[in-house]
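# A structural walkthrough
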Amino acid sequence: MVEAVLVDLFSLPANLQNNTQGLLCNTVETIEKCSSIPAPFVYVMCCQRQRSERDGEKESLLPALSGFQSLKKRLEVVHAPNTAAALYTIKQSLDEKDLSIIKVILPTLRKDLMKVYIDHLFTAVYQFEFEDLQVAYDCENLKIAEPQSEGQTLPVQHMALIQSEIQMYLESLPSLKGELTILTSSLIPDDIFLHGFTTRAGGISYIPTLSSCNLFSSSKRRDPPVVVKENLRRLANAAGFNLETFHRVKVDHANAVCVMGKTEPDTYDGIVTNQKGVTIAAPGADCIPVLFADPVRKACGAAHSGWKGTLLGVSMATVNAMVSAYGCNLKDILVVLGPSVGPCCYKLPHESATEFHRIDSKCVRLFNSANPYIDIRRATRILLERGGILPENIQDDSVTDQNQNITFCTACHPDKFYSHFRDGTNFGTQIGFISIKD
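Heads up: these notes are all about the structure in this document. Everything quoted here is computed from the prediction, not taken from an experiment. (Residues numbered from 1 in each chain as written. Predicted model: local features only at pLDDT ≥ 70, side-chain atom pairs only at ≥ 80, totals over all residues. Heavy atoms only, no water.)

As a further point, take the state of the cysteines. Here the structure, examined in full by the defined rule, presents zero disulfides. With no disulfide of its own, Cys47 lies 8.7 Å from the sulfur of Cys46, the closest cysteine sulfur. (Disulfide = S-S within 2.5 Å.)

This is the structure in structure tokens:
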């Protein structure tokens, strides 16, 4: 069932732009009569003109649209300088109303272009269907791409122009929720390594559970890759690393480790390198982003350690990869546990809790309950120490020094961090990152 209708009047030829009022009214009347629901939300995309012309157009449209009683409070005319700006503005309204099923009514020759914009600005959460705008026009007057035959894609130059338009628009947007903030550890020497843990401030993501510096996109979330890429670009500029040599783990909630320069596994939760200027990263949104640094051998690593990865020993697997690949000595490796869900909040079913209880009984609170509280940080520390990492070389502020302000509980600090446990499936993600300085 269609939840919203988008009418694209953006690139009407000049001979029809003066008749926008009539064309719009005819289209809206059809929507009102034929809609499968009483009153869908309707968005109309129009090209932004000079102010005097735009004000006059609005004044002429409003009286005409006032007759559509069922759509009266559900119709919005969006004027914008380009398609990217118009579509992104409409996306924000769709997300605010939690709408996902959209019918797009547009000139036939705009369809291929619109599909490219939608592919970039939306994810698989949304469903689109397309309908031709019923209007007679002279094709030569339309300043858009030539129609494509079935199965063809737009020419490369058109794709590049669309991508550039979207990128420039996103770069122009203001940062939300304050300045971009990076947490750093005093344990890792800053004369050798560049590192940090991100918070949720300083990006452009606007959906409440993703706002604002979300650094992960998936088919189940509403932030598209282009928005995450812009957030990452702003992080790279603030932190001072090269985005072209940025590598993040391919999460599988297991214990595989990628050694940079060797064959890359399909999935891995740990990554190590001794290459200067290469930034490696691991995500966390309750799971622990763990950073590793060896200032003697000048090597580093990053790992994503959720409850499954913790039990599988992903942190020690990352350490072992550094030892094997770069000849690191266990006593030289420094480990910092980043923001993650604390034992104050995190629960697991009793069966899973039993595995943590086997590591150490203090990793579980209220063990006899159906859903005991779990301390994945303590379990990680214990496994690292058993593997040979010196206790004084592991930073976990929840037990060592509260004033360091690195190992926050993500679930307890909604103003600073994302949390899957707290926010549900459409959650944002922060990262821990590290590189060896040139």
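After that view, the rundown keeps rolling.
In this section: helix H9 (residues 314–326). Helix length check: H9 (13 residues) gives 18 Å between terminal C-alpha atoms against 18 Å at 1.5 Å per residue, within 8%. Looking at H9, one finds that the buried residues are Val314, Ser315, Met316, Thr318, Val319, Ala321, Met322 and Tyr326. For H9, the elements touching its buried residues are strand S9 (257–259), strand S10 (270–273), strand S12 (288–294), strand S13 (299–305), helix H8 (307–311) and helix H11 (376–387). One or two steps after H9, the chain reaches Gly327, where phi turns positive at roughly 70°. (Helix = DSSP H or I, 4+ residues; strand = E, 2+ residues; numbered from the N terminus. Expected span 1.5 Å × (residues − 1). Buried < 20%, exposed > 50% of the residue type's maximum accessible area, 1.4 Å probe, protein only. Contact = heavy atoms within 4.5 Å.)

Moving on to the environment of Ala239. With respect to the secondary-structure elements, Ala239 resides in helix H7 (residues 225–239). Considering only alpha carbons, one finds Ala239 and Leu180, 59 residues apart in sequence, at a separation of 9.6 Å. Non-local contacts of Ala239, meaning those with residues more than four positions away in its chain, are made with Ile182, Leu194 and Phe433.

Now for the pairing of strand S11 (residues 279–284). For S11, the tally of buried residues reaches six of six residues, placing the bulk of the element in the interior. Burial along S11 is two-sided: Thr279, Ala281 and Pro283 facing one way and Ile280, Ala282 and Gly284 facing the other are all buried. With three bridges joining them, strand S8 (residues 246–248) and S11 adopt parallel strand pairing. Looking across to S11, one finds that Phe246 is bridged to Thr279. By the bridge criterion, five bridges tie S11 to strand S18 (residues 430–436) in an arrangement that is antiparallel. Among the inter-strand pairings, Gly284 is bridged to a residue of S18, identified as Gln430. (Pairing = 2+ DSSP bridges.)

Its location among the elements puts Ile182 in strand S6 (residues 182–183). Judged by relative accessible area, which is 26%, Ile182 ranks as partly exposed. Considered as a pair, Ile182 and Ala239 are 57 residues apart in the sequence and their alpha carbons are 7.7 Å apart. Discounting residues that sit within four places of it in the chain, Ile182 has contacts with His195, Gly196, Phe197, Leu235, Ala238, Ala239 and Phe433.

Let's shift gears to the sheet that holds S11. Strand pairs in the sheet, formed through backbone hydrogen bonds, run parallel or antiparallel to each other. If you walk across this open sheet you meet the five strands as S6-S7-S18-S11-S8, and the pairing is mixed. Two strands lie at the open edges of the sheet, namely S6 and S8, each paired on one side alone.

Attention shifts here to the side chain of His195. Its place among the elements puts His195 in strand S7 (residues 193–198). Of the residues examined, His195 reaches a relative accessible area of 6% and is grouped as buried. Among the polar contacts listed, one links the side chain of His195 to the backbone nitrogen of Ser185, at a separation of 2.8 Å. The contact partners of His195, leaving out residues within four places of it in the chain, are Ile182, Thr184, Ser185, Ile188, Leu291, Phe433 and Ile434. (Polar contact = N/O pair within 3.5 Å; in protein donor to acceptor, adjacent residues only side chain to side chain.)

This brings us to the packing of aromatic side chains. Overall, the coordinates contain eight aromatic pairs when judged by the stated rule. Look at Phe122 and Tyr126: their rings are 4.9 Å apart centre to centre, the planes differ by 85°, and that puts the pair in the edge-to-face class. Judged on exposure class, the residue Phe122 and its partner Tyr126 are both buried. Seen in terms of ring centroids, Phe122 and Phe128 are 5.0 Å apart; in terms of plane orientation they differ by 80°. Their pairing is edge-to-face. Owing to a relative accessible area of 24%, Phe128 belongs among the partly exposed residues under this scheme. By the ring-pair criterion, three or more aromatic residues cluster together here, those being Tyr88, Tyr169 and Tyr206. Cation over ring: Arg221 sits above Phe427, and NZ or CZ is 3.8 Å from the ring centre. The ring of Tyr373 carries Arg365 above its face, with NZ or CZ at 4.1 Å from the centroid. (Phe/Tyr/Trp six-rings, centres within 6.5 Å; stacked < 30°, edge-to-face > 60°. Lys NZ or Arg CZ within 6 Å of the ring centre and 35° of its normal.)

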